Amino acid sequence: MKREQETVNLMDLEEGRMRSFFEWLGEKPFRAQQVLKWIYHQGVTDFDEMTNLSLALREKLKAVAVIEPPRILSEQQSADGTVKWLMGFGGGNAVETVFIPEPNRGTLCISSQVGCALNCTFCSTGAQGFNRNLETGEIIGQVWQAARALGHERNGTRRITNIVLMGMGEPLANFNPVVRAISLMRNDLGFGFAAKRVTLSTAGLVPGIDRLRETIDVALAVSLHAPDDETRVKLVPLNRKYPISELMRACRDFVSEKHKRTVTFEYTLIDGVNDHPDQARKLVKLLRRVPSKLNLIPFNPFPGTEYRCSPDSRILEFQSIVMKGGLIATVRKTRGEDIDAACGQLVGKVLDRTRRSRTLREQT
Ligand code: SAH
């Protein structure tokens with residue numbers, strides 16, 4: 001029996017790979033541009049609607065390819081306008097994608113993995129374990145679906161102005177699919193976002209930061225959460241492998257290469273853990289030499305956690321110390337709390353391979 005050919009999801013292909021695909025089909029590479037525009041400018045997934053392709057080419061495409069975004073399993077609207085979607089990929093896997101509207105911008109927060117393997121102790125995604133990496137199409141497909149649901153470019157104004165890879169997962173642990181998805185966000189044939197409007201957030205995978213610097217132009221955010229290694233390992237176990245000094249070296253190299261670019265450091269304030277005035281002063285010393293902005297995030301509690309959010313007075317004191325020390329620091333407003341869409345609350349549906357295997361090990 002003839003072996004059935006595997007179907008290609010064209011959403012997995014950024015421009016370069018789309019061109020190779022059309023060459024492989026024996027077609028002119030400019031077909032790649034036409035198809036990219038159909039998918040990302042027109043929102044079309046049905047080859048029959050691609051009227052500038054010949055009937056024969058459309059039939060050829062149908063035989064080997066599909067255009068398959070994730071499925072929207074549910075949509076929740078918060079009283080403050082935040083929207084949260086559960087996006088499914090089949091096989092029981094799903095992630096969350098969140099849209100946060102503000103007066104002068106709209107930020108889309110997308111996921112890069114089903115679950116996360118890093119186990120940061122204050123993050124509910126980490127507590128659920130890890131199942132698998134997302135493919136390029138499953139990442140860019142979240143943007144595609146959100147853009148469609150929001151009427152992104154209706155009436156000539158763009159509703160999504162910024163994209164942040166701050167949902168579920170560690171983007172640098174899923175490097176190639178993430179970079180390809182970013183290239184589709186940036187490409188004018190895709191969504192056409194400027195580099196400074198797409199932010200990748202990492203827990204501090206140092207080799208990944210170095211590789212990113214050499215691969216694609218994108219804004220970088222680093223989840224720091226503590227000014228010293230002793231405190232940071234308790235929150236971000238990855239710090240054992242890549243301590244703060246190495247992380248700072250990678251951040252300095254990142255900004256020096258990108259010239260005017262700054263790194264955004266995220267710092268989740270947790271009661272009695274990392275919010276002491278001495279820690280604020282240490283942070284000033286640490287960040288003085290890196291062109292950066294500091295984003296202070298009040299800790300968002302989730303079921304089962306023993307951590308508490310710092311009281312408002314301590315958050316303000318922390319902010320005032322770092323600002324007097326010369327840092328630019330903002331406190332992130334918590335959004336979408338009523339629909340569990342705030343930072344670190346994203347859950348999706350994780351068939352936890354890591355935890356199951358650990359439980360197995362513990363039982364035997
Ligand atoms: N893995 C990446 C991106 C996902 S987390 C990273 O670590 O950066 C996105 C941001 O939310 C990170 O700064 C993370 O530390 C923060 N975060 C996670 N759980 C949180 C919680 N419960 N409260 C507040 N911020 C949280």
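Residues numbered from 1 in each chain as written. Predicted model: local features only at pLDDT ≥ 70, side-chain atom pairs only at ≥ 80, totals over all residues. Heavy atoms only, no water.

Colleague: Just checking my understanding: could you explain the overall build of the protein chain for this structure?
Modeller: The secondary structure content of the protein chain amounts to 12 helices and 14 strands. Expected size for 364 residues packed as a compact globule is a radius of gyration near 21 Å; at 21 Å, the protein chain falls within 12% of this value. With the C-alpha coordinates of the protein chain rotated into their principal frame, the extents come out at 70 × 55 × 40 Å. Counting every position in the protein chain, which comprises 364 residues, the buried fraction comes to 56%. Counted over contacts in the protein chain with a minimum sequence separation of 6, partners at least 24 positions apart contribute 66%. When the accessible surface of the protein chain is totalled, it reaches about 17,100 Å², and 48% of it is carbon and sulfur. (Helix = DSSP H or I, 4+ residues; strand = E, 2+ residues; numbered from the N terminus. Rg over C-alpha atoms; globule rule 2.2 N^0.38 Å. Buried < 20%, exposed > 50% of the residue type's maximum accessible area, 1.4 Å probe, protein only. Contact = heavy atoms within 4.5 Å. Areas by Shrake-Rupley, 256 points an atom, 1.4 Å probe, with all protein chains shown as cover.)

Colleague: Got a minute to help me understand the sheet that holds strand β4 (residues 83-88) in this structure?
Modeller: In sheet architecture, strand pairing relies on hydrogen bonds along the backbone and comes in two forms, parallel and antiparallel. The strand order β3-β4-β5-β6-β9-β10-β11-β12-β13-β14 describes an open sheet built from 10 strands, whose pairing is mixed. Two strands bound the open sheet, and with one partner strand each, they are β3 (71-77) and β14 (328-331). Shown here is a sheet whose adjacent strand axes are inclined to one another by a mean of 20 degrees, direction ignored. Relative to strand β11 (residues 219-223), strand β10 (residues 198-202) runs parallel, the two being bridged by four bridges. Residue S201 lies in a different strand from β11, and its bridge partner there is A221. In this fold helix α5 (residues 136-150) packs onto β3, β4, β5 (94-102), β6 (105-109) and β9 (162-165), with an angle of close to 135 degrees to the strand it touches most, β4. Sitting on the sheet, helix α11 (residues 312-324) touches β12 (263-269), β13 (292-298) and β14, and the angle it makes with β14 is about 165 degrees. (Pairing = 2+ DSSP bridges. Axes fitted to C-alpha atoms, helices over the stretch in contact; angles between N-to-C directions.)

Colleague: Even after reading the chapter, I still don't get the pattern of salt bridges, so can you show me in this structure?
Modeller: Pairs can form between side chains of opposite charge once their charged atoms are near each other. Overall, the coordinates contain 21 salt bridges when judged by the stated rule. E14 is paired through a salt bridge with R17; the nearest N and O atoms lie 3.5 Å apart. Overall, R17 belongs to the partly exposed group, its relative accessible area being 33%. Its salt-bridge partner being R180, residue E14 comes within 4.0 Å of it at the nearest N-O pair. Here E14 is found in the loop between β1 (8-9) and α1 (15-24), whereas its partner R180 is found in helix α6 (residues 175-186), with 166 residues between them in sequence. R180 gets classed as partly exposed once you look at its relative accessible area, which sits at 23%. Three or more residues joined by partner-sharing salt bridges are found here, namely D210, R213, E214, R249 and D253. (Salt bridge = Lys/Arg side-chain N within 4 Å of Asp/Glu carboxyl O.)

Colleague: Could you clarify how one ought to interpret the side chain of S292 in this entry?
Modeller: Assignment of secondary structure puts S292 in strand β13. Residue classification places S292 among the buried residues on the basis of a relative accessible area of 13%. Beyond its immediate chain neighbours, meaning those up to four positions away, S292 contacts T262, V263, F265, L287 and I328.

Colleague: Got a minute to help me understand the site of the ligand in this structure?
Modeller: Within the structure, the ligand sits among 20 residues, and F122, S201, S223, H225 and N300 are positioned closest to it. One nitrogen or oxygen atom from the main chain of G169 is found 3.0 Å from a nitrogen atom belonging to the ligand. The separation between an oxygen atom of the ligand and a polar main-chain atom of A203 is 3.5 Å. Protein chains bury 95% of the 530 Å² of accessible surface belonging to the ligand in isolation. Of all the secondary-structure elements, those providing two or more residues to the shell around the ligand are β10, β12 and β13. When the residues that make up the shell around the ligand are grouped by side-chain class, the tally is nine nonpolar, nine polar and two charged. (Near = heavy atom within 4 Å. Polar contact = N/O pair within 3.5 Å; in protein donor to acceptor, adjacent residues only side chain to side chain. Nonpolar A, V, L, I, M, F, W, Y, C, P; charged D, E, K, R; others polar.)

Colleague: Just to check I follow, could you spell out the nonpolar core for this structure?
Modeller: Soluble globular proteins tend to bury their nonpolar side chains together. Formed by 110 residues in total, the largest nonpolar core has its most connected members in L10, M185, L212, F265 and L294. Composition of this core by domain shows at least three residues from each of domain 1 (8-66) and domain 2 (71-363). Setting aside chain neighbours within four positions, we find L294 in contact with F265, Y267, L283, L287, V322, L327, I328, A329 and T330. (Core = buried A, V, L, I, M, F, W, Y, C linked by side-chain atoms within 4.5 Å. Domains from an automatic or database assignment.)

Colleague: Can you help me understand the domain arrangement of the protein chain in this one?
Modeller: Accessible area lost during the coming together of the parts is what is often quoted as the interface size. According to the domain assignment, the protein chain contains domain 1 (8-66) and domain 2 (71-363). Tallying the contact residues gives 14 residues for domain 1 and 15 residues for domain 2. Summed over both sides, the interface between domain 1 and domain 2 buries roughly 1,300 Å², with carbon and sulfur atoms accounting for 63% of that surface. By the criterion of area lost to domain 2, the three top residues of domain 1 are M11, E14 and Y40, representing 44% of everything that side buries. (Buried area = accessible area lost by both parts, 1.4 Å probe.)

Colleague: What should I look at first to understand unusual backbone geometry in this one?
Modeller: A negative phi angle is the norm for most residues apart from glycine, just as the trans form is the norm for most peptide bonds. The phi torsion at N119 lies on the positive side, around 60 degrees, for a residue other than glycine. Relative to the assigned elements, N119 resides in the loop between β7 (113-115) and α4 (124-128).

Colleague: Explain the side chain of S111 to me, please; I cannot follow it from the model alone.
Modeller: Counting through the fold element by element, S111 comes out in the loop between β6 and β7. Classification of S111 as buried rests on a relative accessible area of 0%. Ignoring sequence-local partners within four residues, the contact set of S111 consists of V95, E96, L134, I139, Q142, G167 and M168.

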